[in-house]
Amino acid sequence: MLVVVVSVIILAIILEIISYKFAVDGIQYQITPSKTPVEPNETLDLVTVLENRSRLPKTFVEVCETVPDTLKLSKGTASTLSDTGREYSDAQSETAADKLVSSLGQGEDEISVKRQDSTIKSTLYLLPKQRLERRTSISFEKRGRYLFRGSTVSCGDFLGFKQKTKEFKFFKEVIVTPTRAESIELDKLLGGFMGDISVRRFLHEDPVLTIGFHEYTGTEPMKNISWIRSAKSDDELYVKSFDHTIEPCATVILNVEIQRTKRGRQSSDDAVMMIEKCYSVARTVCELMDSKGIKYSFITNARAVGSEKIWPDAVDGMGQNHLNAILEGLGRATHVAEESFAASLSKAAAHAQQGRSHIIITPQITPAQMPAVERLKLLSGTEVAVIETCSLEI
């Protein structure tokens, strides 16, 4: 009997040493949002994969995932991950947002989840060569850029005395685009402005006069590609260039700089609200241009984070790719201006042509900025639509 007890003790000691030495060996973790960019309140899946690639079982595993504070779970689960002190168990609720489902066909693993601040804590066990996948339905309410930076995975030894921790660093992001602006005042303004563009388009006998060709940039519609001209070149595609006094075209100018007026500088909350309105209006204007078949360029002084070059700056385009680049930029945009409003207007003036329409979206416009607006009118020979969000009800 004594021999059996001693053998068990020796075996336990050996297992304890081995389990602690290789506690986190073979542990792999990955987290991936199912799609980006997304609309505000649009549901997407957050796919988490936890894998034990070693030949040893992991009797205790704790996963601490860092997620954005404003992340919201799908309907029927907890309101947000910032709720503290609540625990959920898969054995009690099949709708728990943090369910781990075995992809190896071994059924569901019972885990408990505790949410605290912006961290999801999950405890479970892993068999040798086992891979677990969890799909959590999430959404974000506001426009912006949301980051998932990874997690820490802690594995205990055989007897549960000690733990080793392995850190997994990731940089996955979800971009949420601004909402569409809903305003009767804005609809009237844009409706009249689009009507003027259509009238100018049909004042000429030939509304599709081709004046030349230029290389295909990826933003032009496929129907504008000249296959005959492209066939004469070695490996380049060429598209037709149209007379801007005949083909409708426009420049959208988005400004986020707020200058001091006679009433003084607005509060930070008011400034943020006006800039957010600018992003919503910019989305509405660009989508309207695209739906009407009007080529447009986009100029802005807003700083976009997370991408070296996202804005299709001062390049005429149309179609879903052109629009998607602008929408992603609006989702990444901050409330900081990289250059002055005057500099943006000067850039627009450099590309101004007779017949080109201009739409300015700005928190507010001051008398000192009006001469630059008048210059755009003079260079284009058309009216300039100015949308001030400080007085716009959205």
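The preceding data block contains the structure.
Remember, predicted model here, so these are calculated numbers, not experimental data.

1. As for the side chain of Arg143
Tracing the chain through its elements places Arg143 in the loop between strand 9 (131-139) and strand 10 (144-156). A polar side-chain atom of Arg143 sits 2.7 Å from the main-chain carbonyl oxygen of Leu330. At 2.8 Å, the side chain of Arg143 forms a polar contact with the backbone oxygen of Ala333. For Arg143, the residues in contact, after removing those within four places along its chain, are Val176, Thr177, Pro178, Glu276, Tyr279, Leu330, Gly331, Arg332, Ala333 and His335.

2. Things to note about the nonpolar core
By size, the foremost hydrophobic cluster in this structure holds 35 residues, and its most contacted members are Val285, Phe298, Leu330, Ile361 and Ile387. Within the residue set of this core, elements represented by two or more residues are helix 2 (184-201), strand 14 (249-254), helix 4 (268-291), strand 15 (295-300), strand 16 (302-304), helix 5 (320-332), strand 18 (357-362) and strand 19 (384-388). In this structure Ile361 touches Val252, Ile253, Leu254, Asn255, Cys278, Val281, Ala282, Val285 and Ile387, once residues within four positions along its chain are discounted. Among the nonpolar cores identified, the runner-up in size contains 27 residues, and Val61, Leu73, Ile120 and Phe170 belong to it.

3. Section: the packing of aromatic side chains
For any pair of aromatic rings, the description rests on two quantities: the centre-to-centre distance and the angle between the ring planes. According to the stated counting rule, one finds four aromatic pairs in the structure shown. On the basis of an interplanar angle of 15° and a centroid distance of 4.1 Å, the ring pair of Phe140 and Tyr146 is categorised as stacked. Classification of Phe140 as buried rests on a relative accessible area of 1%. Residue Tyr146 is classed as buried on the basis of its relative accessible area, which comes to 12%. Ring-pair connections join several aromatic residues into one group, and the members of that group are Tyr29, Phe168 and Phe170.

4. What to know about the environment of Glu339
Along the chain, Glu339 turns up in the loop between strand 17 (333-337) and helix 6 (341-350). The partly exposed category is assigned to Glu339, whose relative accessible area is 25%. Considered as a pair, Glu339 and Asn301 are 38 residues apart in the sequence and their alpha carbons are 5.4 Å apart. Among the polar contacts made by the side chain of Glu339, one reaches the side chain of Ser344 at a distance of 3.0 Å.

The rules behind these values
Residues numbered from 1 in each chain as written. Predicted model: local features only at pLDDT ≥ 70, side-chain atom pairs only at ≥ 80, totals over all residues. Heavy atoms only, no water. Helix = DSSP H or I, 4+ residues; strand = E, 2+ residues; numbered from the N terminus. Polar contact = N/O pair within 3.5 Å; in protein donor to acceptor, adjacent residues only side chain to side chain. Contact = heavy atoms within 4.5 Å. Core = buried A, V, L, I, M, F, W, Y, C linked by side-chain atoms within 4.5 Å. Buried < 20%, exposed > 50% of the residue type's maximum accessible area, 1.4 Å probe, protein only. Phe/Tyr/Trp six-rings, centres within 6.5 Å; stacked < 30°, edge-to-face > 60°.

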